[in-house]
Amino acid sequence: MVTVHIVCVGKLKEKYWQSACDEYAKRLRPFCKFEIIELPEYRLPNDPSEAEIQAGLEAEGRKILETVGNGVCIPLCIEGKTMTSPQLAKTIEKLTLDGISEISFVIGSSFGLWEQVKQMGKVRLSMSPMTFPHQLARVMLCEQIYRSFQILNHGKYHK
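Conventions adopted
- Residues numbered from 1 in each chain as written.
- Predicted model: local features only at pLDDT ≥ 70, side-chain atom pairs only at ≥ 80, totals over all residues.
- Heavy atoms only, no water.
- Helix = DSSP H or I, 4+ residues; strand = E, 2+ residues; numbered from the N terminus.
- Rg over C-alpha atoms; globule rule 2.2 N^0.38 Å.
- Buried < 20%, exposed > 50% of the residue type's maximum accessible area, 1.4 Å probe, protein only.
- Contact = heavy atoms within 4.5 Å.
- Lys, Arg positive; Asp, Glu negative; His and termini not counted.
- Charge placed at Lys NZ, Arg CZ, Asp CG, Glu CD.
- Phe/Tyr/Trp six-rings, centres within 6.5 Å; stacked < 30°, edge-to-face > 60°.
- Axes fitted to C-alpha atoms, helices over the stretch in contact; angles between N-to-C directions.
- Parallel < 35°, antiparallel > 145°, perpendicular 65-115°, else oblique.
- Left-handed = near helix turned anticlockwise from the far one by under 90°.
- Nonpolar A, V, L, I, M, F, W, Y, C, P; charged D, E, K, R; others polar.
- Pairing = 2+ DSSP bridges.
- Core = buried A, V, L, I, M, F, W, Y, C linked by side-chain atoms within 4.5 Å.
- Right-handed = clockwise from strand over helix to strand, strands pointing away.

Side note on the overall build of the protein
Reasoning step 1: Summing up its helical and strand segments, the protein has 5 helices and 4 strands in all.
Reasoning step 2: Over its C-alpha trace the protein gives a radius of gyration of 15 Å, about what one expects of a compact globule, namely 15 Å for 159 residues.
Reasoning step 3: Considering only C-alpha atoms, the protein reaches an extent of 50 × 35 × 25 Å along its principal axes.
Reasoning step 4: Split into buried and exposed, the 159 residues of the protein put 43% on the buried side.
Reasoning step 5: In the protein, once contacts between residues fewer than 6 apart in sequence are set aside, the share between residues at least 24 apart is 84%.
Reasoning step 6: The positive charge centre, built from 20 side chains, and the negative charge centre, built from 18, are 9 Å apart in the protein.

Looking at the packing of aromatic side chains
Reasoning step 1: Per the counting criterion, the structure on display carries 5 aromatic pairs.
Reasoning step 2: Ring centres of Phe31 and Phe149 lie 5.9 Å apart, and the angle between their planes is 20°; this geometry places the pair in the stacked category. Placement of Phe31 in the loop between helix 1 (15-28) and strand 2 (33-39) and of Phe149 in helix 5 (residues 134-152) is noted, with a sequence separation of 118 residues between them.
Reasoning step 3: Relative accessible area serves as the criterion here: at 6%, Phe149 is assigned to the buried category.

Some points on the environment of Phe111
Reasoning step 1: Examined against the element boundaries, Phe111 turns out to sit in the loop between strand 4 (102-107) and helix 4 (115-120).
Reasoning step 2: Note: C-alpha distance between Phe111 and Gln54 (57 residues apart in sequence) is 8.9 Å.
Reasoning step 3: Non-local contacts of Phe111, meaning those with residues more than four positions away in its chain, are made with Leu44, Pro48, Ile53 and Leu57.

Some remarks on the packing of helix 1 against helix 5
Reasoning step 1: Interaxial distance between helix 1 and helix 5 falls to 9 Å at its minimum, and their mutual angle equals 15°. Judged by the angle between their axes, helix 1 and helix 5 are roughly parallel. Judged by the sense of rotation from one axis to the other, the crossing of helix 1 with helix 5 is left-handed. From helix 1, Trp17, Ala20, Cys21, Tyr24, Arg27 and Leu28 reach across to helix 5, where they touch Gln135, Leu136, Arg138, Val139, Cys142, Glu143, Ile145, Tyr146 and Phe149.
Reasoning step 2: Taken together, the residues that form the contact of helix 1 with helix 5 break down as 11 nonpolar, 1 polar and 3 charged.

As for the sheet that holds strand 3 (residues 72-81)
Reasoning step 1: Read across the sheet, 4 strands follow the order 2-1-4-3 without closing on themselves; strand pairing throughout is parallel. Strands at the two margins of the open sheet, each flanked by one partner only, are strand 2 and strand 3. Going across the sheet, the axis of each strand differs from the next one's by a mean of 25°, ignoring polarity.
Reasoning step 2: Across 4 bridges, the pairing between strand 3 and strand 4 is parallel.

Description of the side chain of Thr91
Reasoning step 1: With respect to the helices and strands, Thr91 occurs in helix 3 (residues 85-97).
Reasoning step 2: Here Thr91 is in contact with Met83 and Val123, once residues within four sequence places are set aside.

With respect to the nonpolar core
For soluble globular proteins, nonpolar side chains are generally found buried alongside one another.
Reasoning step 1: Residues Val4, Ile6, Phe34, Ile74, Phe105, Ile145 and Phe149 are the most contacted members of the largest nonpolar core, which totals 28 residues.
Reasoning step 2: Mapped by element, the contributors of at least two residues to this core are strand 1 (3-9), helix 1, strand 3, helix 3, strand 4 and helix 5.
Reasoning step 3: With 13 residues, the next largest nonpolar core counts Ile37, Leu39, Ile64 and Trp114 among its residues.

Structural notes on the pairing of strand 3
Reasoning step 1: Burial within strand 3 is extensive, with 7 of its 10 residues counted as buried.
Reasoning step 2: Handedness of the crossover is the feature at issue here: the chain leaves strand 3, passes through helix 3, returns alongside strand 4, and the resulting connection is right-handed.

Shown next as structure tokens:
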């Protein structure tokens, strides 16, 4: 059984976002081992310089890379590829057929991701050209992972 992680910088603050993620985690149990791993956000001053932002991204990025380990990394970033739900399902299917047993989707902080994390990505994924709050992006990603497994298993969820 494949293990799927969502590695994200920052914590969910509102209970309704957490409840939504918990619901998708419960729905994913028959299909994969699923876990959301929250990493601490690097503390920056109120008006950070570009150098301070880059230092923060690097510190967060090093923790992300430690957490992802040898699994496949799929960073979510603006320059990533947009996919339909069936395309994401096919991507997950191809990885598992290639013998990959651990997939980590990565959501960075509000300043994004360290470039080395993006370069580690087997696939760079963009949810949309629009900008979403990180909490909503996490819920949307949980839903799309669940939808992918429904597609792959010919479930009724995806229409």
